[in-house]
Amino acid sequence: MSEVPVELVDQLIFENGGRVSNYFIERTPVSEMLCYRNAEGREFDLPISDDALAAAVIARLKALGVRIVEIGSAKAMPTKGDDS
């Protein structure tokens, strides 16, 4: 898999006047979702269909100190046959 150039990632994130403070990541026990808050305060999920590009955008925003919102928890659930 080829690495996504940081220039392409920065263009996607910042080309329309976006700032790091506009973005945040929602993290669940099984996934991370890129999200955006517009000037009016509305929040949107920003799915990126290209997995490599999505991973590069999330990694770049994390490196820039984006806010991460934890959703849910990773509590262990008993399985069948678990007597504890």
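As the structure is a prediction and not an experimental result, all values here were calculated from the model.

1. Some remarks on the overall build of the protein
Moving on, step 1. Broken down by element type, the protein carries two helices and four strands.
Moving on, step 2. Mapped from its N terminus to its C terminus, the protein presents α and β elements in the order α-β-β-β-α-β.
Moving on, step 3. For the protein, the proportion of its 84 residues judged to be buried stands at 21%.
Moving on, step 4. Of all intrachain contacts in the protein linking residues separated by at least 6 positions in sequence, the fraction that spans at least 24 positions is 54%.
Moving on, step 5. Surface accessibility of the protein: about 6,300 Å² in total, with carbon and sulfur atoms responsible for 53%.

2. What about the side chain of Asn22?
Moving on, step 1. Note that Asn22 resides in the loop between α1 (6–14) and β1 (23–27).
Moving on, step 2. For Asn22, the side chain forms a polar contact with the main-chain nitrogen of Arg19, separated by 2.7 Å.
Moving on, step 3. What Asn22 contacts, discounting residues up to four positions off in sequence, is Gly17, Cys35, Tyr36 and Arg37.

3. Overview of the layout of surface pockets
Moving on, step 1. Computed from the structure, the largest pocket encloses a volume of approximately 190 Å³.
Moving on, step 2. Lining the largest pocket, in full, are Leu12, Ile13, Asn16, Gly18, Tyr23, Leu34, Tyr36, Leu46, Ile48 and Val57.
Moving on, step 3. Residue composition of the lining of the largest pocket, grouped by class: eight nonpolar, two polar and no charged.

What counts and how
- Residues numbered from 1 in each chain as written.
- Predicted model: local features only at pLDDT ≥ 70, side-chain atom pairs only at ≥ 80, totals over all residues.
- Heavy atoms only, no water.
- Helix = DSSP H or I, 4+ residues; strand = E, 2+ residues; numbered from the N terminus.
- Buried < 20%, exposed > 50% of the residue type's maximum accessible area, 1.4 Å probe, protein only.
- Contact = heavy atoms within 4.5 Å.
- Areas by Shrake-Rupley, 256 points an atom, 1.4 Å probe, with all protein chains shown as cover.
- Polar contact = N/O pair within 3.5 Å; in protein donor to acceptor, adjacent residues only side chain to side chain.
- 1 Å grid on protein atoms, 1.4 Å probe; cavity = no way out; pocket = protein on both sides within 12 Å on 5 of 7 lines; lining within 4 Å.
- Points joined across faces, edges and corners; volume = space filled by probe spheres on them.
- Nonpolar A, V, L, I, M, F, W, Y, C, P; charged D, E, K, R; others polar.

Spatial relationships are all this shows, so hold off on functional conclusions.
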